[in-house]
Every structure is written in structure tokens, then in C-alpha cells.
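Remarks on the overall topology
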Amino acid sequence: MPEQPGGTEITELAALKALAQPRRQQILQHLTLHGPATSAILARALGLNTGATSYHLRELARYGFVADTAPPREPGARRARWWRAVPGDRRFPPPSRRTPGMRLVMDELNRHAYAADLALFERLQRESGAAAEARGTDGRTATGRTATGRASDGHTADGRADEWADAHAYSRGSLRLTLEELQEFFEEYIALMNRYKRPDAETPAGARTVHTRLLAFPDPGPDAPGPDGSAPDDASQADNRRETNAS
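Residues numbered from 1 in each chain as written. Predicted model: local features only at pLDDT ≥ 70, side-chain atom pairs only at ≥ 80, totals over all residues. Heavy atoms only, no water.

Secondary structure assignment for the protein yields seven helices and six strands. Mapped in sequence order, the helices and strands of the protein form the string β-α-α-α-α-β-β-β-α-β-α-α-β. Looking at the protein residue by residue over its 247 residues, the buried ones come to 23%. Sequence separation of 24 or more characterises 55% of the internal contacts of the protein that already satisfy a separation of 6 or more. A total accessible area of about 17,300 Å² is found for the protein, and carbon and sulfur atoms account for 53% of it. (Helix = DSSP H or I, 4+ residues; strand = E, 2+ residues; numbered from the N terminus. Buried < 20%, exposed > 50% of the residue type's maximum accessible area, 1.4 Å probe, protein only. Contact = heavy atoms within 4.5 Å. Areas by Shrake-Rupley, 256 points an atom, 1.4 Å probe, with all protein chains shown as cover.)

This part covers a negative patch on the surface. Together, Glu-180, Glu-181, Glu-184 and Glu-188 line one region of the surface with negative charge. The residue Glu-180 is located in helix H6 (residues 179–196) in this model. (Patch = residues over 30% accessible without salt bridge, like charges linked within 9 Å, V, L, I, M, F, W, Y side chains within 5 Å. Salt bridge = Lys/Arg side-chain N within 4 Å of Asp/Glu carboxyl O. Lys, Arg positive; Asp, Glu negative; His and termini not counted. Charge placed at Lys NZ, Arg CZ, Asp CG, Glu CD.)

What follows is about helix H4 (residues 50–62). Taking 1.5 Å of rise per residue, the 13 residues of H4 would be expected to cover 18 Å, and the 18 Å separating its terminal C-alpha atoms lies within 8% of that figure. Every buried residue belonging to H4 is among Thr-53, His-56, Leu-57, Glu-59 and Leu-60, and all of these are buried. Viewed along the axis of H4, the buried residues span an arc of 165°, placing them on a single side of the element. Looking at the buried positions of H4, the neighbouring elements they touch are helix H1 (13–20), helix H2 (22–34), helix H3 (39–46), strand S2 (66–69) and strand S3 (82–85). Residue Asn-49 occupies the N-cap position of H4, its side-chain oxygen lying 3.1 Å from the main-chain nitrogen of Gly-51. Remark: Gly-64 follows H4 within two positions and exhibits a positive phi of approximately 85°. (Expected span 1.5 Å × (residues − 1). Arc of directions from axis to C-beta. Polar contact = N/O pair within 3.5 Å; in protein donor to acceptor, adjacent residues only side chain to side chain.)

Our next topic: a nonpolar patch on the surface. On the surface, a nonpolar cluster with roughly 400 Å² of combined accessible area is contributed by Leu-175, Leu-177, Phe-185, Phe-186 and Leu-214. Mapping Leu-177 onto the fold places it in the loop between strand S5 (171–172) and H6. With a relative accessible area of 40%, Leu-177 lands in the partly exposed category.

One finds Ile-27, Leu-28, Leu-31, Leu-57, Phe-65 and Val-66 to be the most contacted residues of the largest nonpolar core, which totals 23 residues. When residues of this core are traced back to their parent elements, those giving at least two are H1, H2, H3, H4, S3 and helix H5 (100–135). The element best represented in this core is H1, accounting for five residues. Excluding residues that lie within four positions of it along the chain, Leu-28 makes contacts with Leu-19, Leu-60, Phe-65, Val-66 and Ala-85. (Core = buried A, V, L, I, M, F, W, Y, C linked by side-chain atoms within 4.5 Å.)

In this section: the environment of Gln-29. The topology assignment puts Gln-29 in helix H2. When the C-alpha positions of Gln-29 and Ala-85 are compared, they lie 8.5 Å apart, and in sequence the two are 56 residues distant. Excluding anything up to four places from it in sequence, Gln-29 contacts His-211 and Arg-213.

Quick look at H2 now. In a regular helix each residue adds 1.5 Å, so 13 residues correspond to 18 Å; H2 covers 18 Å between its end C-alpha atoms and thus fits that length. Taken residue by residue, H2 has Arg-24, Ile-27, Leu-28, His-30 and Leu-31 as its buried positions. Along the long axis of H2, the arc covered by the buried residues comes to 160°, so they all point the same way. Residues of H2 that are exposed and point more than 90 degrees away from the buried face comprise Thr-32 and His-34. Capping the start of H2 is the job of one residue whose side-chain oxygen sits 2.6 Å from the backbone nitrogen of Arg-23: Gln-21. The first or second residue beyond H2 is Gly-35, which carries a positive phi of 90°.

By the secondary structure assignment, Ala-37 is in the loop between H2 and H3. Between the C-alpha atom of Ala-37 and that of Asp-68, which follows or precedes it by 31 residues, the distance is 9.8 Å. The contacts of Ala-37, once residues within four sequence positions are left out, are Leu-31, Leu-42, Arg-81, Trp-82 and Trp-83.

As C-alpha cells, then:
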């Protein structure tokens, strides 16, 4: 699937099925965030056996989502097969052009992706809440370590303030757009993402992985009247005219 201007659309049902498998999504996520790995490394990280990870890697490689890569220069590394995620602007067919089979696969893929995103967000909330509670009034009372290895009070292990403790950009709102403007908005978002992407060798010291998500969709309109004939909540209509608020 060669890269095309405006992204590469995945139109093959078999490729969509290969990508929709939850374990393969986890493997891709791990390779994207942590770099190349062997099937054994992935098995330990994801709680699988090496036979399962090897199978999933081969299926992902069949459709160009992962590929072989040179092993690191470490003792014993050359004896194993190393894999990397293949970067690219991959896109799914719009709903109007999906076959019934595609719709079933996309529903499954989206369900798992949304669940994973929600789990990640809830973990952030838990760790942020625990850090705020641990800080108390003096901001220095450490009660433990988070899953990332930082002290759970918003400080690093050596007692220094963690500058990333409050790094949580969040925006929820609405815009009045035409269909063409919404498409332009999305392409500008992708261009902005690509502007900040760079190889590890060019990444400045102190940089960390930051998860980004964009979900933009047209307002479905007023809800249908309730069973008792009550009027629908007009909050969605009012929200559709409110400017975006960032926090």
C-alpha cells in the first residue's frame, strides 16, 4: 500500500481484518511507542506466548503494517528476528463506501480502539488524582511510584518537581462548519501532527511520548421525543453554537 497524497486508504477487507484484531493493535501500539522488538519481547510486555506474537507479527507484515528491521548492536540480539512498525498516514474508507463486511470489521476495530483510549484516559485520571491527593498542602509527600516510574506526588524519584505533572491539554467544543471546511480541518490537523513528527535522532532531550486523539463528527440533531411525549434535551443544539473551550 504505497503512500499517497492525503493518506493511503485501506480498501482490502483482509487487511482491515488483520488490523482489527485486538492483540495486533496492542503489538502495533507497543512497536510505535517503544521501537523495534522481537516476538519474545512483545510476548513479555503483552502477556502472550511467543508463538502467538510471531503469528500476529506475520499477519501484520503480510499487509505492510510491520516489517523486519536490523537488530540492535547488543550481544545476542542478532540471533532473534526484530520487527518495527511501518509508519504511514493510513485511512479507512468513509461509511458511504464500506461494504457490509467492512462495516462489521470497522465497528469491531472502533470498539476496541475506543475502549483502549478510555482505559488509557482513566489511568491518567487515577494517577493524576492520586498525585494531587498525595501532594496535600505541602506538595512534597510521596506515597509511591506510578506505572511510569515517577513518584506519585508529581515529583521525580529524586524529589525534583515533575514538570509534566500538569501536562494535560484538553479541548471539548463545537464549530459551525461546511462539509468542505470539516475536511480541510482534518487535513490541517494531520499536517500539524506530521510537522512535529521526527526520527529519534532529531528528537530533543526531555521529549516524551504524548498521546493525541481527534474525534470530529456532525451533530445528529435534536433527540426524538421521549416515550411520555416530553421534549428532548436541547443541550446538544445549544452546544452546537458554542465556541470551543480549551482547558
